[in-house]
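What follows is each chain in one-letter form.
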Amino acid sequence: SSLCSRPHPLPPLGAMLASVVRRRSLATSASGHAIGARFVLRLARPSAAGRRLAATAARLGGGDGAAIVEAPAKRRWALKGVGGITVLVATAVAIDEGFRRCLQFWLLILPIYAHYFYVDKIRFPANQGGPSGAEAREAAFEVLHARYSPIIEWATRYMRGFYLKAAQIMSMRDDFLPETYLKWTRRLQNEAPVVLQGIDARRFVAKELGLSSAGDGDVSEVFIEWEDEPLGSASIGQVFRARLRSTGEQVAVKVQSPGIEDLFRADIRTLKFFTAFALPWAVQNMNAIENMFSSEFDYTLEQRNMEAIRETLLPKWGGRIRVPKPFPEFSTPRVLCMELLEGEKLVDGVRRRFRAMAEREGRDPETYEEDHLRALREGRVKAQSAWVVRWQASLWRVWRRLRWGSGAAGEVLDFGEITETLLAIHGEQVLRHGIFNADPHPGNILLLKDGKLGLIDFGQVMHLSPDFRVCLARLFLALARRDVAAVARHERECGMRTRYQREDVRYRVCSFWMDRDTEEIMQGLNLQDFMAWAEFEDPVLEYPEDLYLVCRCSVMIRSLALAFGVRLSTAQHWRPYAEEVLRQHGLPLE
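It should be emphasised that the depicted structure is a prediction, and the values quoted were computed from it without experimental measurement.

A. Region of the structure containing a nonpolar patch on the surface. A cluster of nonpolar residues, L110, F273 and F277, forms a patch on the protein surface that exposes about 300 Å² of accessible area. Its location among the elements puts F273 in helix α9 (residues 260-278). Taking the relative accessible area as the measure of exposure, F273 reaches 55% and is therefore exposed.

B. Spatial organisation of the packing of helix α16 (residues 415-433) against helix α17 (residues 466-481). Relative to each other, α16 and α17 sit at 130 degrees, their axes nearing to 9 Å. Taken together, α16 and α17 sit at an angle that is classed as oblique. Two secondary-structure elements touch here, α16 through V430, L431, R432 and H433 and α17 through R469, L472, A473 and F476. A class-by-class count of the residues in the contact of α16 with α17 yields five nonpolar, one polar and two charged.

C. Structural view of the sheet that holds strand β11 (residues 453-455). On the basis of which strands lie adjacent, the open sheet formed by four strands has the order β5-β11-β10-β7 and mixed pairing. Only two strands of the sheet have a single neighbouring strand rather than two, namely β5 (321-322) and β7 (343-345). Relative to β11, β5 is paired through two bridges, and the arrangement is parallel. Its bridge partner being in β11, R322 is matched across the sheet by G454.

D. Representation of the side chain of T421 in the model. Positionally, T421 belongs in helix α16. Sequence-distant contacts of T421, that is, excluding residues within four places in its chain, are made with W317, R320 and L453.

E. Spotlight on helix α18 (residues 484-493). Along α18, the positions that sit buried rather than exposed are A486, V487, A488, H490 and E491. Packing partners of the buried residues in α18 comprise α17 and α19 (503-514). One side-chain oxygen of the residue at the start of α18 lies 3.4 Å from the amide nitrogen of A485, identifying that residue as D483. Looking one or two places after α18, you find G495, whose phi comes out positive at around 110 degrees.

F. Molecular detail of unusual backbone geometry. You will see that Q501, though not glycine, has its phi angle at about 55 degrees, which is positive. Under the relative-accessibility criterion, Q501 is labelled partly exposed at 24%. One non-glycine residue, Q523, adopts positive backbone phi at about 50 degrees.

G. How the structure looks around the nonpolar core. If you look at the biggest cluster of nonpolar residues, it comprises 127 residues, and the most contacted ones within it are L472, F476 and M514. Apart from the residues lying within four places of it in its own chain, the contact partners of L472 are V430, L431, L464, C494, M514, L547 and V550. Formed by 22 residues, the second largest nonpolar core is a distinct cluster that contains A214, W226, V255 and F327.

H. Geometry of the pattern of salt bridges. Summed over the entire model, instances satisfying the criterion amount to 35 salt bridges. Across the salt bridge formed by D439 and R552, the nearest N and O atoms sit 3.4 Å from each other. Here D439 is found in the loop between β9 (435-437) and β10 (445-448), whereas its partner R552 is found in helix α22 (residues 545-563), with 113 residues between them in sequence. A single network of salt bridges, built from pairs that share partners, joins K316, E428, R432 and E580.

Scoring rules and cut-offs
- Residues numbered from 1 in each chain as written.
- Predicted model: local features only at pLDDT ≥ 70, side-chain atom pairs only at ≥ 80, totals over all residues.
- Heavy atoms only, no water.
- Patch = residues over 30% accessible without salt bridge, like charges linked within 9 Å, V, L, I, M, F, W, Y side chains within 5 Å.
- Areas by Shrake-Rupley, 256 points an atom, 1.4 Å probe, with all protein chains shown as cover.
- Salt bridge = Lys/Arg side-chain N within 4 Å of Asp/Glu carboxyl O.
- Helix = DSSP H or I, 4+ residues; strand = E, 2+ residues; numbered from the N terminus.
- Buried < 20%, exposed > 50% of the residue type's maximum accessible area, 1.4 Å probe, protein only.
- Axes fitted to C-alpha atoms, helices over the stretch in contact; angles between N-to-C directions.
- Parallel < 35°, antiparallel > 145°, perpendicular 65-115°, else oblique.
- Contact = heavy atoms within 4.5 Å.
- Nonpolar A, V, L, I, M, F, W, Y, C, P; charged D, E, K, R; others polar.
- Pairing = 2+ DSSP bridges.
- Polar contact = N/O pair within 3.5 Å; in protein donor to acceptor, adjacent residues only side chain to side chain.
- Core = buried A, V, L, I, M, F, W, Y, C linked by side-chain atoms within 4.5 Å.

Here it is in structure tokens:
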């Protein structure tokens, strides 16, 4: 809790480094020159470099940097090395943002990781001590969660960057994080910290668009209206409401936070290193995520992706979904101007309806929502197939209309229809068109005022070759048939390589990623334990990026559905598109 109260995690570190520099700085040599890679600061007449380094230490530690004490002769050489390293670290922290963030991460996470590791592997090893041992182990972990969750939440909000994005990704499933962590990671889907707003945002946009009054933050050459309060904030930028001068249309202007790309790349490098020893099964996933984000920061590419998605989806799905129209003439690599879709995020719409239903029944809205999610998590309410949920929604609408009037019926959302629509749309994108959004998280789905679904954020759009789609089609049909040997064979054809190529392991893992996570597949394990089991039984050697992103798309939509009590099978819903692909290529339906 004391860590959370600090305004900045670096001052203690800076004070420590500066103190070391002041008390144990490099001893003075007769000539005052540097020996090898070690710096020598002259006591009587310090060099310009010495003065700069001392000033750096003073800024970090709050002192004057002048009190340099000569060490005893017998420790002189050792102190030269220590002092040189200390000064180098202090200077790197002061001038390199990526290094500073990396150091912040390790100073925060290593003690926490060590405490969890001690409880998990040493104090309460799994499968030891019987039922009483399991209860004690669970209680010990609950203490750790309560202690460290607020600290990690504060650090995530403070550091932002990819740490914020990672928290959003991990909140997609109830079985990946403890409930203590889930509460605040779910909020980050909508409550990302705002970095750029007001006149700073207008100055940035005016400069990007090359407007004459960029220094004053005047964007009236292009926009006759501009709201300084962001409509929304995401991990890499903010979205503002404006109105075009040329057409009078209301638009959403997506503005990238300055310097965010460098922060993301530094954060991903740090997390890749951490993942290598803490979560080895996720290393290949991190590599794919790193490659995927290489295009996230170019809004001109996102604009082209948006146009391509509109061309492929709207002819068939235009009556049920909307995709914003981009305005290329008012867009740059860091500013994207697009049609404004009037509505609310899917998660916000669900929560609003939960509140309305809770209030009608005289219950606290937050407790109502938490009870519903906890019942799903604990199995007291079983996830149902989409068609069952659709019938339940219809009956529930009728009941609420009869009891509370027509207004109450509108509070019921048909989660079965929503999730089936999303899964069908992405199946068509993946298999029929070969272009799909690999990041369909809840924050990218809107409930519009006209009743349609709005799809936004196309920074992570992937293109699939015809040959790869043929391999995918065969794999999905094998999953739909529950053919263990065929699933393992076609997964290898898609480029997956593991050490032992065990069919039983690959069938279960592939089924989880690309089809379903029923008890038959998970066998009582949560996601992290399941993936650790798979890595132990048959370690992954090669995981193609295209295959990983299709798997990620499938899991994200199914995880969204599970949060609403809907259980979907990707293979069954995508089966018609898979059969269509094979027919188009004149291939047999295996």
